[in-house]
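Per-entry structural report
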Amino acid sequence: MRKVLIIYHSQSGNTEEMAKAISEGVKSGGATAVLKRAVDAGVEDLLGCDIIAIGTPNYFGYMAGMVKDFFDRVWADIRDKVGNKPYVTFGSKGGGGAQALDSVERICDGLGMVKVFNGVLATRKPSNEDLARCRELGVKLASLDKISRLEGIEEPRL
Ligand SMILES: Cc1cc2nc3c(=O)[nH]c(=O)nc-3n(C[C@H](O)[C@H](O)[C@H](O)COP(=O)(O)O)c2cc1C
């Protein structure tokens, strides 16, 4: 069964709500969802999944330190092994923009991973609409093998 790894960091719970909604969508789409905080995730998690969703709040215009820590820990062991692995980003921000998701995408793109859908970005506590978009994203990830990756790119998120 297709396995979707959802890793995230969240201090006040906003990004976590989004991660859980993506997980629900993945499961309802018929795939396996593995939900992990970034601090608990490692090389085997990344290499053992088919698709990865990476969630981070915007902290100081960048990804959360714990998400950066994840990349710092796994990078040397995964850098030649994740080319073409599909990924998406999601997360919550305050008054700023999409810099945190962009910072994750720069690393994933640099690793040769393939962004299959634009990220879902909420402002502070995700609205019901944001959570619905997360669930929809999860469903789409569960059935990714049925569509072309590049055709999956949607409209800009901002
Ligand atoms: C240490 C810290 C730094 C932050 N820096 C920014 C920022 O630069 N830009 C922004 O839009 N929001 C910033 N925020 C607001 C968070 O992105 C926002 O509250 C978000 O919803 C937190 O998500 P979480 O509940 O998943 O931790 C910051 C919050 C914290 C705690």
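1. Let's talk about the overall build of the chain
The helix and strand tally for the chain stands at five helices and six strands. The helix and strand sequence of the chain, counted from the amino end, reads β-α-β-α-β-α-β-α-β-β-α. Against the globule reference of 15 Å for 158 residues, the chain gives a C-alpha radius of gyration of 14 Å, in line with a compact fold. Projected onto the principal axes, the alpha-carbon positions of the chain cover approximately 35 × 30 × 25 Å. Across the 158 residues of the chain, 51% fall into the buried class. Surface exposure of the chain reaches about 7,400 Å², of which carbon and sulfur atoms provide 49%. Treating the 22 positive side-chain charges of the chain as one cloud and the 21 negative ones as another, the clouds have centres 2 Å apart.

2. A closer look at the packing of aromatic side chains
Ring pairs (aromatic) are described by centroid distance and by the angle formed between their planes. Summed over all chains, the structure comprises one aromatic pair. Sitting over the face of the ring of F117, K140 holds its NZ or CZ atom 4.7 Å from the ring centroid.

3. Observations regarding the pairing of strand β2 (residues 32-37)
Where strand β1 (residues 3-8) lies against β2, six bridges are found, and the strand directions are parallel. Each residue of the ladder has a partner; that of Y8, found in β2, is R37. In this view, the connection linking β1 to its parallel neighbour β2 by way of helix α1 (residues 14-28) has right-handed handedness.

4. A closer look at the site of the ligand
Surveying the vicinity of the ligand reveals 17 residues, the closest of which are S10, S12, N58, S92 and G96. The side chain of S12 places a nitrogen or oxygen atom 2.5 Å from an oxygen atom of the ligand. Here an oxygen atom of the ligand and a side-chain polar atom of S92 are 2.6 Å apart. Coverage of the ligand by the protein amounts to 74% of the 640 Å² it exposes when considered alone. Looking at the shell around the ligand, the elements with two or more residues in it are α1 and β4 (86-93).

5. Describing the pattern of salt bridges
In the structure shown here, the tally under the stated rule is nine salt bridges. Notably, a salt bridge pairs D72 with K68, separated by 3.0 Å at the nearest N-O pair. Of this pair, D72 and K68 both sit in helix α3 (residues 65-78), separated by four residues, roughly a single helical turn. Across the salt bridge formed by K140 and E136, the nearest N and O atoms sit 3.9 Å from each other. Of this pair, K140 and E136 both sit in helix α5 (residues 128-142), separated by four residues, roughly a single helical turn. Residue classification places E136 among the partly exposed positions, given a relative accessible area of 43%.

6. Some thoughts on the environment of N118
Looking at where N118 falls in the secondary structure, it is placed in the loop between β5 (114-115) and β6 (120-123). Each C-alpha atom, one on N118 and one on L137, is 9.5 Å from the other, the two residues being 19 residues apart in sequence.

7. Some words on α3
Given a rise of 1.5 Å per residue, 14 residues ought to cover 20 Å, and the 19 Å separating the end C-alpha atoms of α3 matches this to within 8%. Maximum bend of α3: about 25°, positioned at D72. Along α3, the residues that are buried comprise V67, F70, F71, V74 and I78. Where α3 is buried, its residues touch β1, α2 (43-47), β3 (51-55) and α4 (99-110).

8. Quick notes on the side chain of N14
In this structure, N14 sits in helix α1. Beyond its immediate sequence surroundings of up to four residues, N14 is in contact with S92, R124, K125 and P126.

9. Re the confidence of the model for the chain
Overall, the prediction assigns the chain a mean pLDDT of 92, with 91% of residues at 70 or greater. Scored below 50 in pLDDT, residues 147-151 makes five contacts in the model with residues more than four places away or belonging to other chains.

10. A word on unusual backbone geometry
Of note, F60 is a non-glycine position whose phi angle comes to about 55°, a positive value. Structurally, F60 can be placed in the loop between β3 and α3. We note that R124 has phi near 55°; this positive angle belongs to a residue other than glycine.

What counts, and where the lines are drawn
- Residues numbered from 1 in each chain as written.
- Predicted model: local features only at pLDDT ≥ 70, side-chain atom pairs only at ≥ 80, totals over all residues.
- Heavy atoms only, no water.
- Helix = DSSP H or I, 4+ residues; strand = E, 2+ residues; numbered from the N terminus.
- Rg over C-alpha atoms; globule rule 2.2 N^0.38 Å.
- Buried < 20%, exposed > 50% of the residue type's maximum accessible area, 1.4 Å probe, protein only.
- Areas by Shrake-Rupley, 256 points an atom, 1.4 Å probe, with all protein chains shown as cover.
- Lys, Arg positive; Asp, Glu negative; His and termini not counted.
- Charge placed at Lys NZ, Arg CZ, Asp CG, Glu CD.
- Phe/Tyr/Trp six-rings, centres within 6.5 Å; stacked < 30°, edge-to-face > 60°.
- Lys NZ or Arg CZ within 6 Å of the ring centre and 35° of its normal.
- Pairing = 2+ DSSP bridges.
- Right-handed = clockwise from strand over helix to strand, strands pointing away.
- Near = heavy atom within 4 Å.
- Polar contact = N/O pair within 3.5 Å; in protein donor to acceptor, adjacent residues only side chain to side chain.
- Salt bridge = Lys/Arg side-chain N within 4 Å of Asp/Glu carboxyl O.
- Expected span 1.5 Å × (residues − 1).
- Bend = angle between axes of the 7 residues up to and from the residue.
- Contact = heavy atoms within 4.5 Å.
- pLDDT = per-residue confidence, 0-100.

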